[in-house]
Amino acid sequence: MYKLMTAGPTQVPENVRLARSRVFPNPDQDPKFVEFYHNTCRQLSSLLGSAEHETLILGGEGILGLEAACATLTEPGDCVLVLDNGIFGAGFADFVRIYGGIPTLYTTDYHRELDPIALRAYLENHHDFKYATLVHCDTPSGILNDISVLCPLLKEFGILSVVDSVAAMFGEPVDVKNGIDILCGGSQKALSAPPGLAFVTISPDAWHLMKQRSTPVASFYANLLTFATYYEDQWFPYSMPVSDLYGFEVALENVLADPKRIMRHREIASACRSALEAGGISLYPESGYANTVTAFCVPEGLTPKAILDGMLKNHGIMLSGSFGPFAETVLRIGHMGANCNYKDMEETMGALNNVLSDLGASLHCHLGEAFRLSLAH
Ligand SMILES: *Cc1c(COP(=O)(O)O)cnc(C)c1O
């Protein structure tokens, strides 16, 4: 098996994999399961900054959380502001439209993070929106938006926020108390569990708004309201994926047992960027660098496929390509969650050095050594 250094799914530690093989109860009929689910959700809420916000873990891949947030908030004709400085950012417009909303795209340079000063100026004249969507780390381009400033700014104008932090949380700090109304996460990124679970952390304001709807939600599976009284009623809208949840619980324990996690993501990401730049490789972002993924430009004359194949066949390491407008020009190293460790990153940078050199790129220094050196500083 090769080493995953992709921008999700990430490597999954053995204790998480083993937990998924445990004997399990009937999740529909055993009150202990409801208690277990409830406690796991509460633990997640606390980890994300607030016990007042309710977390729901959904049986579905990360995308389900984004869709469920839009499905449950949007009523036909609602105006929604879609903050767009990346592929996932723009993608929210589709979910808004599917559920009858009217998206307004606020599109800015994909090489940079959203600028709160420019956004404030825009909001002064345009703030008649029910909610706004934004992405914490826009993974295909490796851009990090400062949600701790942007969400309170939206709140100032009376706009609720839906934040996709699937590729950032647990690798970047997140505090839902900073004006986040629905925070969306997934199991397969920095949490380092396999793909299969999405979760949403919901503010009291967002619950209130969803419960006040005058039209029914145009979905069953993506309707968050079906969970509104699951604990009181001891009833789930569908059989919960209990084995996924066992793995998930252990993945959360791994996070709690690792207080240096955020610092390590910062250090490794920064050393990765320094090494690439010292070697003469351009980063895709010009500012707003994510610490969970580094997106870099494919050197002149080379193709993404040749580099990805060389990494996999000669070194047993899988990196990520990119997609959409970046498909032919951007590659990514996913240093999130369990991938984010010194040993694997040093090996990855050394391997990348060899692959690029073999393909004829002229590097200004050895990428593995530059990575080591930068970490030492
Ligand atoms: C990975 C990811 C998701 C989840 O969807 P995938 O199907 O795994 O692509 C959602 N948002 C972001 C920003 C992601 O990086």
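Refer to the preceding data block for the structure.
Residues numbered from 1 in each chain as written. Predicted model: local features only at pLDDT ≥ 70, side-chain atom pairs only at ≥ 80, totals over all residues. Heavy atoms only, no water.

**Some words on the overall build of the chain**
Put simply, the rule reads: Counting from the N terminus, the helices are the DSSP runs of H or I reaching at least four residues and the strands are the DSSP runs of E reaching at least two. When accessible area is computed with a 1.4 Å probe and restricted to protein chains, residues below 20% of their type maximum are described as buried, those above 50% as exposed, and intermediate ones as partly exposed. What makes two residues a contact is simply this: any of their non-hydrogen atoms within 4.5 Å. Here the open area of atoms and residues is found with the Shrake-Rupley method and a 1.4 Å probe, where only the protein chains shown may cover a residue. A positive count includes Lys and Arg, and a negative count includes Asp and Glu. His and the chain ends are not counted in either. By convention, the charge on Lys lies at NZ, on Arg at CZ, on Asp at CG and on Glu at CD.
Helix and strand content of the chain: 13 helices and 13 strands. The principal-axis extents of the C-alpha atoms in the chain amount to approximately 60 × 55 × 35 Å. Across the 377 residues that make up the chain, the buried fraction comes to 55%. Taking all contacts inside the chain whose residues are at least 6 apart in sequence as the whole, residues at least 24 apart take part in 71%. Within the structure as shown, the chain displays about 15100 Å² of accessible surface, and the carbon and sulfur contribution to it stands at 55%. The distance from the centre of the 25 positive side-chain charges to the centre of the 42 negative ones in the chain is 5 Å.

**Brief notes about the sheet that holds strand S4 (residues 102-107)**
The condition that has to hold: Strand pairing is assigned whenever DSSP identifies at least 2 bridges connecting the two strands. To define axes, lines are fitted to C-alpha atoms, for helices over the stretch in contact only, and angles between the resulting N-to-C directions are given on a 0 to 180 degree scale.
Sheet architecture is open: 7 strands sit in the order S2-S10-S9-S8-S5-S3-S4, paired in mixed fashion. In this open sheet, the two strands that pair with only one neighbour each are strand S2 (54-59) and S4. Averaged over neighbouring strand pairs, the angle between their axes works out to 20° when direction is ignored. Sheet topology note: the strand S3 (residues 79-84)/S4 ladder contains 6 bridges and is parallel. Pairing of Leu 83 across the sheet is with Tyr 106, part of S4. Lying over the sheet, helix H5 (residues 116-125) contacts S3 and S4, oriented at roughly 140° with respect to S4.

**Concerning a nonpolar patch on the surface**
Spelled out, the test is: Like-charged residues within 9 Å of one another, or nonpolar side chains (Val, Leu, Ile, Met, Phe, Trp, Tyr) within 5 Å, are grouped into patches, provided each residue has over 30% relative accessible area and no salt bridge. One side-chain nitrogen of Lys or Arg within 4 Å of one carboxyl oxygen of Asp or Glu is enough to make a salt bridge.
On the surface, a cluster of nonpolar side chains totalling about 350 Å² of accessible area is made up of Met 1, Tyr 2 and Leu 312. Among the structural elements, Met 1 can be located in the segment before strand S1 (3-4).

**Digging into the site of the ligand**
Going by this rule: By convention in this text, a residue qualifies as near a molecule or strand provided that one of its non-hydrogen atoms is within 4 Å of it. Whenever a nitrogen or oxygen atom comes within 3.5 Å of another N or O atom, the pair is scored as a polar contact, on the condition that within protein one atom can donate a hydrogen and the other can accept it, and that pairs from neighbouring residues in sequence are kept only if both atoms are in side chains.
What surrounds the ligand is the set Glu 61, Ile 63, Phe 88, Cys 137, Thr 139, Asp 164, Val 166, Ala 167, Gln 188 and Lys 189. Glu 61 places a polar side-chain atom, nitrogen or oxygen, 2.8 Å from an oxygen atom of the ligand. Here the ligand loses 81% of its free accessible area of 380 Å² to cover by the protein chains.

**Points about the packing of aromatic side chains**
Note the following rule: The aromatic pairing rule takes the rings of Phe, Tyr and Trp, using the six-membered ring of Trp, and pairs them if the centres are within 6.5 Å, calling planes under 30 degrees apart stacked, those over 60 edge-to-face and the rest tilted. Criterion for a charge above a ring: Lys NZ or Arg CZ within 6 Å of the ring centre, and within 35 degrees of the ring normal.
In the structure shown here, the tally under the stated rule is 16 aromatic pairs. When the ring of Tyr 221 is compared with that of Tyr 238, the centres are 4.4 Å apart and the planes differ by 20°; the resulting orientation is stacked. Of the two residues, Tyr 221 sits in the loop between helix H7 (204-211) and helix H8 (230-233) while Tyr 238 sits in the loop between H8 and helix H9 (242-256), which places them 17 residues apart along the sequence. Judged by its relative accessible area of 42%, Tyr 221 falls in the partly exposed class. Between Tyr 230 and Tyr 231, the ring centres sit 6.3 Å apart and the planes meet at 65°, which makes this aromatic pair edge-to-face. Residue classification places Tyr 230 among the buried positions, given a relative accessible area of 2%. Through successive ring pairs, a cluster of aromatic residues spans Phe 33, Phe 36, Tyr 37, Tyr 221, Phe 227, Tyr 230, Tyr 231, Phe 236, Tyr 238 and Tyr 246. In this structure, Arg 22 packs its charged tip against the face of Tyr 246, placed 4.1 Å from the ring centre.

**Points about helix H3 (residues 63-73)**
Working note: α-helix, 3.6 residues per turn, so residues spaced by three or four point in the same direction. Most of H3 sits out of view: 9 of its 11 residues are buried. Three or more residues of H3 are buried, namely Leu 64, Gly 65, Leu 66, Ala 68, Ala 69, Cys 70, Ala 71, Thr 72 and Leu 73.

**Observations regarding the pattern of salt bridges**
All chains considered together, the criterion is met by 16 salt bridges. Measuring nitrogen to oxygen at the nearest pair gives 3.2 Å for the salt bridge that ties Asp 205 to Lys 155. Placement of the pair is Asp 205 in helix H7 and Lys 155 in helix H6 (residues 147-156), with a sequence separation of 50 residues. Connected through salt bridges with shared partners, the residues Lys 3, Asp 344 and Glu 347 form a single ionic network.

Function cannot be read off these values alone, since they describe shape.
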